[in-house]
Structure formats: C-alpha cells, structure tokens
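Summary of structural features
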Amino acid sequence: MPGFELFGAEEQKEVQDVLDNGVLMRYGFDPMRNGHYKALELERDLANRMQSKYAQVVSSGTAALTVALACAGIGSGDEVIMPTFTFVASFEAILSVGAIPILCDIDDTLTLDPKAVEASITPKTKAIMPVHMCGSMADLSALKAISDKHNLILLEDACQAIGATYDGKPLGSYGDLGCFSFDYVKTITCGEGGGIITNSETFADRAHKYQDHGHDHVGNDRGAETHPFLGYNYRLSELNAAVGIAQLRKLDHTLTIQEKNYTILRNALAEVPEVSFRRVPETGVENYSFLNIFLPTEDIARKAHKALGENGVDACFYWFDNNWHYYKKWEHLLEQKSLSKFSQEIQSGLQKNNRSFDASDLWMGRTISCLIKLNWSETEVTNRASKMVEALKSVLVKSVL
Ligand SMILES: *Cc1c(COP(=O)(O)O)cnc(C)c1O
C-alpha cells in the first residue's frame, strides 16, 4: 500500500516546480507562480480519475472528513452512524463538527452491516459513514437504499481504499461525498493531505470556502474577498500537492502491482482449508492493499498472528488488539476524555456507544490483515507465501477445532 515505496524523479520534478517559483500557498501570488497551481491541478486530476464532478484537496484525511461533514450541514447534536472498525479519525471528525458518532456493528465485509445500520437510526441521525477499511468496501447499494429511505447523507470514508471500485464506480464516488487520505502510509501519499469528491455543486462550493476561512475565492484580491460563512484553515500546501500529482499518476501502476502480489499470497493461503477470506460485496473490486483473512476462532487467530511474526512475515495486523483501529481500545471516546467539557447532549449521545458489539468482536477476533507492499520481488512474494502457509499450518495442527 504505501505509495512512498515508489518515490522517484516524478515527485522531485513536481516539487522542484514549486521551489523554483517559491509560492508554497495555493491561493494568490499569481505573477510569481509561473503558471503553477499544484493544488488546483491535483483537484482536476483527482476528480477525473474518480469520475466525479468536483474534488477538493485539504490538509489531511481527517480534515477531508471534517470538511465533508460540515459541507453536508452536519453539526450540533446530529448523529452519524460509523463502524466499530476504523481509524480513530472517523469519530474525531464527527465530534469536531459537534455531531455524535454512533458506533455500529460490522459484518464479514469488515465494514458496516446494513441491518445493524438500519437498527441504529433515530430521529437525530443525519448521515451514514461507511469506512472502506483495508482496501475493500461496504455493501454500498444496501446502504444507499437505507440512506435514501431515511433521507440521510451517505459519506464514504475511502481513506484506505483509493482505486477500488463498486458497481463499476470508483470508491468514494458512490455516496453523496467521498473522502481520501494522502498521509504518509497511504496508497497515494503527499506527506500529509486529503481529498473530498462529490457530484454536488452545492457541497463542492461549500468545501472550497470552508477549508479556507470562508473565503469566497471571487476575483484575485484575497483581501477584498467576502466570507459568506465561517470556515477554518484546512488548506493543502503547494509542496504537498506537487507530490500528490506525481503519486496519483502512479495509481493504476500501484494497483497492478498490489493485485499481482495479493493474488500470489491469496492463492497460496486458499490451500489451507481452515483459512477463509473477507467477503467483498458482489459488484466490488478491491484495491488489493491488504489481504484480509479469517481464522476459525479468536484463539487460533491470535496464535497465528504470533506465528506469522515469528516466521519472519512482517506487516500482518491483528486489529482486534490494536489501540487505534478497534473501538474496544478507544477509551478516550468511550470514557469521554476530552480537554474541554462536552455539552449535555453530546455526553448523553455518546453513552449509546457503551454497549457490547458482539458481531464486531466475532469478526475482528478472527481477522488478520496482511499489508501488500509494492517493492517485493517475485521471489520475495513466493517465499512469503510459503512462510505464511507454514506458520498458519503449524498453529492449525496444534488446534482442536
Ligand atoms: C488514515 C485514515 C484517516 C485519516 O487520514 P489522515 O490523513 O491520517 O488524517 C481516516 N480514516 C481512515 C479509515 C484512515 O485509514
């Protein structure tokens, strides 16, 4: 997955353009720029590649989610349904606009279970936020039907799944808004950065203003611009955008390498009858950034994860025990640890998350996710495949099912 593995002359050239003219900011300074508008160019490329009418780049994936929520008018006391398995940024963004993250069970897609989503809807619900974790996606047509029925916003957190498709459409472009992260460990990286895509002219118009203090971006005198509503600074710098342009051009190449490496590992593991694979919704195509497998039980999964490490297979994650990606370890959310006091409404809304999520525990307890790297040689991948099979078999032999 990490796009930094492919850094080269292309990124250097784009960054050099910016350093040559010295304009590190995306707005203003027109006479100095020598025609270079890197953030704008990245937006055009992202919208094109993602078959969306509009794209807005911002300073991080977290910022992308925050800006997207704000653009959809989500704020004080509104409830947003999100999965128990995601990076903490998803709930941070919801809380940062004053809304309430409502945790919801996942299923064997490792993202939102549509039935559990429907059961979580209340009169306060304003949005459903599926998180397409580890390269694959939620059942978007089911979630779209639910959001249409209840008049909710469907906001896709596609931070970990850029390049995957659902029903022939790039992930992120299916819902009302889609978000990407370009942080240092993501498939496309620009150091820190993020992007929002949408087909809504209204949301796009709000996004460019909101991420730049509410500036209307009319005319070319920044000091004379008006501010139709409050905004903040979530701008992406020209330097970051320059790296992103070169990286995005490599996306299809990256996906090809990932699919090749993933397929070798998957075919090898398919020979182990006790191993099964994460369900990918019917019309979905993964971006192959992770190979996600299920072991028969939590106990076996724990032992298998340990055995993989001991057998020299790095970059395999057991998210169930991880501090950042599974709700059980988010004590700052569950115990409402904040530097300032939450309103009564948010305090009681958050209480809803203090319950058990048995289905999530069952799936996550059995899941191991193996990162797919880009720089592996063919020999390295085949060796890795044998080592993985060896490690898993050694555990399974000793386990009574
Ligand atoms: C990385 C990530 C984010 C946040 O992106 P940053 O650019 O690191 O702020 C949000 N959601 C998911 C699922 C992520 O993996």
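How each quantity is defined
- Residues numbered from 1 in each chain as written.
- Predicted model: local features only at pLDDT ≥ 70, side-chain atom pairs only at ≥ 80, totals over all residues.
- Heavy atoms only, no water.
- Helix = DSSP H or I, 4+ residues; strand = E, 2+ residues; numbered from the N terminus.
- Rg over C-alpha atoms; globule rule 2.2 N^0.38 Å.
- Buried < 20%, exposed > 50% of the residue type's maximum accessible area, 1.4 Å probe, protein only.
- Contact = heavy atoms within 4.5 Å.
- Near = heavy atom within 4 Å.
- Polar contact = N/O pair within 3.5 Å; in protein donor to acceptor, adjacent residues only side chain to side chain.
- Areas by Shrake-Rupley, 256 points an atom, 1.4 Å probe, with all protein chains shown as cover.
- Nonpolar A, V, L, I, M, F, W, Y, C, P; charged D, E, K, R; others polar.
- Pairing = 2+ DSSP bridges.
- Axes fitted to C-alpha atoms, helices over the stretch in contact; angles between N-to-C directions.
- Phe/Tyr/Trp six-rings, centres within 6.5 Å; stacked < 30°, edge-to-face > 60°.
- Lys NZ or Arg CZ within 6 Å of the ring centre and 35° of its normal.
- UniProt positions renumbered as here; feature names shortened; annotations may be inferred.

Going by the annotation in an unreviewed UniProt entry, the name recorded for the protein chain is Glutamine--scyllo-inositol aminotransferase, with Aquimarina atlantica given as the source organism.

Helix and strand counts for the protein chain stand at 14 helices and 14 strands. The C-alpha radius of gyration computed for the protein chain amounts to 22 Å, which stays within 12% of the reference 21 Å derived for 401 residues, consistent with globular compactness. Dimensions of the protein chain along its principal axes, counting C-alpha atoms only, are 75 × 55 × 40 Å. Among the 401 residues that make up the protein chain, the fraction classed as buried is 57%. Long-range contacts, defined as pairs at least 24 residues apart, comprise 70% of the intrachain contacts of the protein chain with a sequence gap of at least 6.

Further remarks concern the site of the ligand. Lining the immediate surroundings of the ligand are 15 residues, of which Gly61, Thr62, Ser181, Asp183 and Lys186 lie closest. Note that an oxygen atom of the ligand is positioned 2.6 Å from one of the side-chain N or O atoms of Asp183. In isolation the ligand offers 380 Å² of accessible surface; the protein chains occlude 94% of this area. Partitioned by chemical class, the residues of the shell around the ligand number five nonpolar, seven polar and three charged.

It is worth spelling out the sheet that holds strand S4 (residues 125-128) at this point. The seven strands lie next to each other as S1-S9-S8-S5-S4-S2-S3, forming an open sheet whose pairing is mixed. Two strands in the sheet have a free side with no partner beyond their single neighbour: strand S1 (54-58) and strand S3 (100-104). Neighbour to neighbour, the strand axes of the sheet diverge by 25° on average, direction disregarded. Bridge count between S1 and strand S9 (residues 194-198): five bridges; the pairing is antiparallel. Bridge pairing in S9 places Val57 opposite Gly195. The strands that helix H7 (residues 201-210) touches are S1, strand S5 (153-157), strand S8 (177-181) and S9; relative to S1, the one it contacts most, it runs at about 25°.

Considering all chains together, one arrives at 17 aromatic pairs under this definition. Both rings, one in Phe91 and one in Trp330, keep their centres 5.1 Å apart while their planes meet at 55°; by these two values the pair is tilted. Highlighted residues: Phe91 in helix H4 (residues 89-96) and Trp330 in the loop between strand S13 (316-317) and helix H11 (331-334), separated in sequence by 239 residues. By the burial criterion, Phe91 is buried, and Trp330 matches it. For the pair Tyr318 and Phe320, a centre-to-centre distance of 6.1 Å together with 75° between the ring planes defines the contact as edge-to-face. Taken together, the aromatic side chains of Tyr318, Phe320, Tyr326, Tyr327 and Phe357 make up a single cluster linked through ring pairs. Here Arg266 stacks its cationic end above the ring of Phe277, 4.0 Å away from the centre of that ring.

Quick look at the UniProt feature "active site" (unreviewed entry) in the protein chain now. Mapped onto this numbering, the UniProt entry annotates "active site" (unreviewed entry) at Lys186. Following the sequence through the fold, Lys186 ends up in the loop between S8 and S9. Owing to a relative accessible area of 9%, Lys186 belongs among the buried residues under this scheme.

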